[in-house]
Amino acid sequence: MLTGVQLFGGRALVYASPGMAHIRYAWKRITVANGADTTESAIANVARVSVGVRITIPAGDSTFIKVRPELTCLGGKESALTRAGYRVLEPALHVEYDF
């Protein structure tokens with residue numbers, strides 16, 4: 001889901017984008033009777049929100065350069081093992097050339 005507000009006649013878009021993800025991770029190693037190892041996995045639920053601004057710069061006839069700095073924050077908790085909580089902060093810079 002993307003929610004935003006256009007500014008300066010559509011040349012800038014300030015936005016927020018919440019979301020949810022599910023990460024599968026191995027949390028336990030199991031040795032079976034023949035000596036082979038296998039793993040048991042669990043699912044961690046992850047909440048995410050990204051905020052940023054997209055700036056559109058004209059670059060000629062019907063071409064544009066779009067610069068989009070963005071900051072994403074992820075957070076969640078393991079569903080098995082130690083049930084550790086975690087937070088991740090991810091800065092990004094996207095540059096697009098539209099022609």
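Please refer to the structure higher up on the page.
Quick caveat: nothing in here was measured; it's all calculated off a predicted structure. (Residues numbered from 1 in each chain as written. Predicted model: local features only at pLDDT ≥ 70, side-chain atom pairs only at ≥ 80, totals over all residues. Heavy atoms only, no water.)

Draft legend 1. Fine view of the overall build of the chain. When helices and strands are counted, the chain shows zero helices and five strands. Of the regular secondary structure in the chain, the N- to C-terminal order runs β-β-β-β-β. Relative to the globule expectation of 13 Å for 99 residues, the C-alpha radius of gyration of the chain, 21 Å, shows a markedly less compact shape. Across its three principal directions, the C-alpha atoms of the chain cover 70 × 25 × 20 Å. In the chain, which comprises 99 residues, the share counted as buried stands at 17%. Put simply, 45% of the contacts in the chain that link residues at least 6 apart link residues at least 24 apart. About 7,100 Å² of surface is accessible on the chain, with carbon and sulfur atoms providing 60% of the total. (Helix = DSSP H or I, 4+ residues; strand = E, 2+ residues; numbered from the N terminus. Rg over C-alpha atoms; globule rule 2.2 N^0.38 Å. Buried < 20%, exposed > 50% of the residue type's maximum accessible area, 1.4 Å probe, protein only. Contact = heavy atoms within 4.5 Å. Areas by Shrake-Rupley, 256 points an atom, 1.4 Å probe, with all protein chains shown as cover.)

Draft legend 2. Focus on the pattern of salt bridges. A complete count under the given rule lists three salt bridges for this structure. For the salt bridge of Asp98 with Lys66, the shortest nitrogen-to-oxygen distance reads 3.0 Å. Remark: Lys66 occurs in strand 4 (residues 64-77) and Asp98 occurs in strand 5 (residues 85-98); sequence separation between them is 32 residues. Several salt bridges share partner residues, and in doing so they unite Arg68, Glu70 and Glu96 into one network. (Salt bridge = Lys/Arg side-chain N within 4 Å of Asp/Glu carboxyl O.)

Draft legend 3. Up close: the environment of Glu40. Position of Glu40 relative to the elements: it lies in strand 3 (residues 37-58). Glu40 gets classed as partly exposed once you look at its relative accessible area, which sits at 33%. Sequence separation between Glu40 and Ala84 is 44 residues; the distance between their C-alpha atoms is 17 Å. Discounting chain neighbours no more than four positions away, the residues touching Glu40 are Tyr25, Ala26, Trp27, Lys28 and Ile30.

Draft legend 4. Structural detail: the sheet that holds strand 2 (residues 12-31). If you trace the five strands from one edge of the open sheet to the other, you get 1-2-3-4-5, paired in antiparallel fashion. Where the open sheet ends on each side, the last strands, each with one partner, are strand 1 (3-7) and strand 5. Across this sheet, the average inter-strand angle for adjacent strands is 25°, counted without regard to direction. Two strands pair when backbone bridges link them, and strand 2 and strand 3 are joined in this way by 19 bridges, in the antiparallel orientation. Bridging across to strand 3, His22 finds its partner in Asn45. (Pairing = 2+ DSSP bridges. Axes fitted to C-alpha atoms, helices over the stretch in contact; angles between N-to-C directions.)

Draft legend 5. View of the environment of Thr3. Within the element layout of this structure, Thr3 appears in strand 1. Distance from Thr3 to Val51, taken between C-alpha atoms, is 9.6 Å for residues 48 residues apart in sequence. Each residue touching Thr3, except ones within four places of it in the same chain, is listed here: Val14, Tyr15 and Ala16.

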